[in-house]
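This is what each chain is made of:
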Amino acid sequence: MDTRLQKRLLGVARRLRSLRLGWCLALVWFLSALIGYALASAMRGGFVLPAETPWWWLGGSALAVVGTWMLLSVRGSNLGEVAQRVEKQFPSLNQSLTTAVGIRPQMVDGSFGYLQRSVISEAIRHDVTYHWKTMVSSMQLALAWLANVPALVCVALVGVGLWKAPDAVSAAVLPSSLRSALDQPLVQPGDAAVERRSSLIVTVRFEKELPDEVWLVRSQTGAQRGEQSPESRVAMQRSLSDPVFAAYVYDIRDPFEYRIEYDDATTKAYRVSVFEYPALVRADAYLEYPAYTQMEPRTVVDTRRVTAASGSRLTWKLQLNKPVVSAQLISQEKPPMVLTAADESESVGETSIALTAADDSESVVEASIELRQSQTWDLKLVDEDGRENTVEVTLRAKVLPNNAVKLRLTSGGDAQVSPLQEFDIAAKLNDDFAIQKAGIGYQYGGELVEIESEIAPSAKAVQISEMVDFESLGAQPGQLLSYYVWAEDQDDNGAIRRTVSDMFFAEVRPMEEIFRQGQQPSESQQGQQGNEQTEELLELQKQVIVGSWNVLRQARGDKLLGRTGPDLVLLAESQDHVAELLEEKAAEANVPGADEIIGQALKSMQRASEQLIVASKSLAKADLPVAITHEQAAYQELLRLQSREHEVVRSQSSQSSQSQSRRSQARQQQIDQLKLEREENRYEEERLADQRQNQEQGELRQVISRLRELAARQEDLNEQLREVQAALQAAETEEQRDELERQLERLRQQQQQMLQDSDDLQDRMDNPSSQELQDAQQQMQQTRENLQQASEALRQGNTS
């Protein structure tokens, strides 16, 4: 091998060997520490080992280190393996280094040939360019050798413990020898601390002679002045053939002392202390509702789930079994994410809420929260000894959004009326919390009139109705009445929020109309008979009015929404299109004064289009009603274009009725009335009403079923309580009373579970949609109060 190449490979080999040696020595030191720790633990546990064990351990560790050093030194000198690793690390060598390593001199004088020198030179140039030594960085070497520092510290600590282990064994053997000398039994657990209402097994082991009888003598330590109650004796039972006697102490509520008596001897007294994990006893929720709900503040006693309106102030008051040093509500929901200026998302909002001690009691903690969205919290308690609550407690708050009033027209709609007709308008309104005002607005002859209906204060469901007397209005054929339903409630900020329905139209038709039978039209003329040309214009103009009205009722305050600007431009273009169609069909009008009517209609349409453009630029709410007024004036002029004479043709196509407009369908109904009274087919309306009614009745049946189930469970629980109460009065021994107390505790838990089930049922009944469900909700609230009183009475031990 060329000496230059050999020198370069040796440099790489030394770095590789140093890296391996550092990691291997650290592993040897850690294994040595682990073995030493195991030996020390065995000696402390009583396992007898030779006194020379520490020296053997130390010598074995040294031999392992020396052997590792020698093994790696021999392995690291193999340059062939080093060359292969370099080739693997630098694939660009293309096996030139492996070839150069295997080259042997061809010349007699030991020199290399031309081709051999070329291969060697190529490998050396690669090293000059890429530096093979960098395959093992200085950071890797430093990390490998620094790993030996904690390993050597562990070896030193284990060595000290191993040398001191015999002394610890001697110290542990001494009490055992003294116990054997004094012939004292081994009592377990001795002094102990147990959780309140838990159980304890006391055992005693005799090493030599077994006594005939063994007694556990227990004396209850008083909580005041250190006084002790009378002693109780329990016979301890032997465990099979083992020299062990045991006794079971159950339902420990107070600290006590105990000792073991056997034959004529007795052990020393041992003390058992009692502790409690922090736990929730009762959770009360105080709710302050926002002004828009018109609801008084109220307190929900002993609950873990509440439902409130958005913006309510919720104050949790948690009664604990003892004072704590830390109480938190940990939110289960992830906080919302926002994008910072550095394009990095970070969470905002609180994930935990600290509970502070109330002024009246240290064992009552509270926290006030403003509800904006539904939340769920886990309760975490920590007492002064660092103990956390073991029972998982979950508190929930369901937030009801403040939605706008829902409007549904039950009578009215688009209609054609006579000048003498009394037209009924009715609507059903529903709100989440309270409807402030409601009524019906109409426009006739250019003047907008709003009629406010009388509604009950804080009403959630309202039915309003109004009768429009067209005779008293002096209605004339061809005039138009446009109307809508409106309602007001309060938004989250307490401001008045108005909700407006769609706009509907009542057209005044002539008192007398003439219908003649016309000729059967061809397919190309289908749909263009009679007044259908005018009706097409009326439908288009109505769509323009409705579109403008929809933009107007979306306004907030004095401004239209910014996104409605293009919609207004489109409505203006539609209005121009209707005007063009009117000009095209003006020649076909056959009513007296058609030219004047068309001129007035075109003028109103032009003004409406111009006003729509103005409103799209200013986005002022006051500009749009002016445009709607002009649109309605144009619609009314188009109504005057309709002739009182109609040609009636019975259609032969079953599909033609599907393409008829609503006006054509209304006209067809009038034609049908010429022959016989039309039987009103309200199947569709009745079917929809039946569906809503069946849905509400289904919800009501489910609620009643759950209420009956709760009532049956409460009756069974009451019967069991009466039996337990009678048994407590007749109990003669302490064991019988303890067993009955445990049964009473199980009944308390069942009563608490029923209270939680009632909260679940009440949560489903929020915002009832019918009067029956509202009545059921009131009954449910009364039922829950009764269940809560029963649960509180059981907690206080009042079983009656």
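Quick note: structure is the one above.
Calculation criteria
- Residues numbered from 1 in each chain as written.
- Predicted model: local features only at pLDDT ≥ 70, side-chain atom pairs only at ≥ 80, totals over all residues.
- Heavy atoms only, no water.
- Helix = DSSP H or I, 4+ residues; strand = E, 2+ residues; numbered from the N terminus.
- Buried < 20%, exposed > 50% of the residue type's maximum accessible area, 1.4 Å probe, protein only.
- Contact = heavy atoms within 4.5 Å.
- Areas by Shrake-Rupley, 256 points an atom, 1.4 Å probe, with all protein chains shown as cover.
- Phe/Tyr/Trp six-rings, centres within 6.5 Å; stacked < 30°, edge-to-face > 60°.
- Lys NZ or Arg CZ within 6 Å of the ring centre and 35° of its normal.
- Patch = residues over 30% accessible without salt bridge, like charges linked within 9 Å, V, L, I, M, F, W, Y side chains within 5 Å.
- Salt bridge = Lys/Arg side-chain N within 4 Å of Asp/Glu carboxyl O.
- Expected span 1.5 Å × (residues − 1).
- Core = buried A, V, L, I, M, F, W, Y, C linked by side-chain atoms within 4.5 Å.
- Axes fitted to C-alpha atoms, helices over the stretch in contact; angles between N-to-C directions.
- Parallel < 35°, antiparallel > 145°, perpendicular 65-115°, else oblique.
- Left-handed = near helix turned anticlockwise from the far one by under 90°.
- Lys, Arg positive; Asp, Glu negative; His and termini not counted.
- Charge placed at Lys NZ, Arg CZ, Asp CG, Glu CD.
- Nonpolar A, V, L, I, M, F, W, Y, C, P; charged D, E, K, R; others polar.
- Polar contact = N/O pair within 3.5 Å; in protein donor to acceptor, adjacent residues only side chain to side chain.
- Pairing = 2+ DSSP bridges.

Q: Tell me about the overall build of the protein, and please be specific about residues and values.
A: A count of helical and extended segments in the protein gives 16 helices and 33 strands. The burial tally for the protein puts 38% of its 800 residues in the buried class. In the protein, of all internal contacts separated by at least 6 residues, the share reaching a separation of at least 24 is 71%. Of the roughly 46300 Å² of accessible surface on the protein, a fraction of 50% belongs to carbon and sulfur atoms.

Q: An account of the packing of aromatic side chains is requested, with residue identities and associated values reported.
A: All chains considered together, the criterion is met by 12 aromatic pairs. Taking the centre distance of 5.5 Å and the plane angle of 75 degrees together, the rings of Y292 and F433 count as edge-to-face. Separated by 141 residues along the polypeptide, Y292 in the loop between β11 (280-288) and β12 (298-300) and F433 in the loop between β25 (422-430) and β26 (437-444) bring together distant segments of the chain. Residue Y292 shares its accessibility class with F433, and that shared class is buried. Site record: aromatic cluster; members linked through ring pairs are F423, F470, Y483 and F504. The ring of F275 is capped by R387, whose NZ or CZ atom sits 4.0 Å from the centre of that ring. Sitting over the ring of W486, R498 keeps its end group 4.3 Å from the ring centre.

Q: Could you give an account of a nonpolar patch on the surface, with specific residues and numbers?
A: Where nonpolar side chains cluster on the molecular surface, the patch consists of W55, W56, L58 and W163 and spans about 520 Å² of accessible area. Sorting elements by how many residues they give to the nonpolar patch places helix α2 (residues 53-76) first, with 3 residues. Looking at where W163 falls in the secondary structure, it is placed in helix α7 (residues 148-182). Among the residues examined, W163 registers a relative accessible area of 38% and is labelled partly exposed.

Q: Tell me about helix α11 (residues 623-640), and please be specific about residues and values.
A: A rise of 1.5 Å per residue sets the reference length of α11, with its 18 residues, at 26 Å; its end C-alpha atoms lie 27 Å apart and thus fit the reference within 8%. Taken together, the buried positions of α11 are D623, L624, A627, I628, E631, Q632, A634, Y635, E637, L638 and L639.

Q: Which residues make up the nonpolar core, and what are the values?
A: By size, the foremost hydrophobic cluster in this structure holds 39 residues, and its most contacted members are L568, L582, L624 and L641. Mapped onto this core, the elements with two or more residues apiece are β29 (480-490), α8 (532-553), α9 (565-584), α10 (594-618) and α11. Discounting chain neighbours no more than four positions away, the residues touching L568 are V551, L560, L612, A615, S616 and L624. Counting 28 residues, the second-largest nonpolar core is a separate cluster that includes L280, A285, V324 and L379.

Q: Would you mind going over the packing of α10 against α11 in detail, with residue names and values included?
A: Relative orientation of the contacting elements α10 and α11 amounts to 160 degrees, with a least axis distance of 8 Å. Classified by the angle between their axes, α10 and α11 sit roughly antiparallel to one another. Handedness of the α10/α11 crossing: left-handed. Mapping the contact onto sequence places I597, Q600, A601, S604, M605, R607, A608, Q611, L612, V614, A615 and S618 in α10 and D623, L624, V626, A627, H630, E631, A633, A634, E637, L638 and R640 in α11.

Q: For a negative patch on the surface, give the residues involved together with the corresponding values.
A: The grouping of E209, D212, E213, D263 and D264 at the surface amounts to a negative patch. Among the secondary structure elements, E213 is positioned in the loop between β3 (198-205) and β4 (214-220).

Q: If you had to explain the packing of α9 against α10 to someone new, which residues and values would you point to?
A: At a closest axis distance of 8 Å, the pairing of α9 and α10 adopts a crossing angle of 165 degrees. The angle between α9 and α10 falls in the class roughly antiparallel. You can see that α9 and α10 cross each other, and the crossing is left-handed. Each of G565, L568, V569, L571, A572, Q575, D576, V578, A579, L582 and E583 in α9 lies in contact with α10, whose residues at this interface are I598, A601, L602, M605, A608, S609, L612, I613, A615 and S616. The class makeup of the residues in the contact of α9 with α10 is 15 nonpolar, 4 polar and 2 charged.

Q: Outline the side chain of N402, listing residues and values.
A: Relative to the elements of secondary structure, N402 occurs in the loop between β22 (394-400) and β23 (406-411). A polar side-chain atom of N402 sits 3.3 Å from a polar atom in the side chain of D492. Of note is the side chain of N402, whose polar atom sits 3.1 Å from the side chain of R497. Here N402 is in contact with Y292, D432, F433, D489, Q490, D491, D492 and R497, once residues within four sequence places are set aside.

Q: Could you give an account of the sheet that holds β22, naming the residues involved and the relevant values?
A: Overall, mixed pairing links the 5 strands, which are arranged β13-β22-β21-β15-β18 in an open sheet. Of all strands in the sheet, those bounded by a partner on one side alone are β13 (305-309) and β18 (352-354). In this sheet, adjacent strand axes meet at a mean angle of 25 degrees when their direction is disregarded. Bridge count between β13 and β22: 5 bridges; the pairing is parallel. The residue of β22 that forms the bridge with T307 is K398.

Q: Any chance you could break down the sheet that holds β11 for me, citing the residues and the numbers?
A: Taken together, 5 strands build an open sheet; the order of strands is β12-β11-β14-β20-β19 and the sheet is antiparallel. Either end of the sheet is taken by a strand with one partner, and the two such strands are β12 and β19 (356-357). Pairing geometry for β11 and strand β14 (residues 313-320), over 8 bridges, is antiparallel. Bridge assignment links L280 to a residue of β14, and that residue is L320.

Q: Would you mind going over the pattern of salt bridges in detail, with residue names and values included?
A: Throughout the structure, instances matching the rule amount to 18 salt bridges. Where D251 meets R253, a salt bridge forms, and the shortest distance between an N and an O atom there is 3.1 Å. A cluster of three or more residues bridged by salt bridges with shared partners is formed by E231, R233, R259 and E261.

Q: Talk me through unusual backbone geometry; I want residue IDs and the actual numbers.
A: Residue P189 is bonded to the preceding Q188 through a cis peptide linkage, with omega at 10 degrees. Positioned with a positive phi, R197 is a non-glycine residue whose angle comes to about 70 degrees. Relative to the assigned elements, R197 resides in the loop between β2 (192-195) and β3. Residue classification places R197 among the partly exposed residues on the basis of a relative accessible area of 39%. Within the chain, D251 stands out as a residue other than glycine whose phi angle is a positive 50 degrees. Looking at the secondary structure, you find D251 in strand β7 (residues 244-252).

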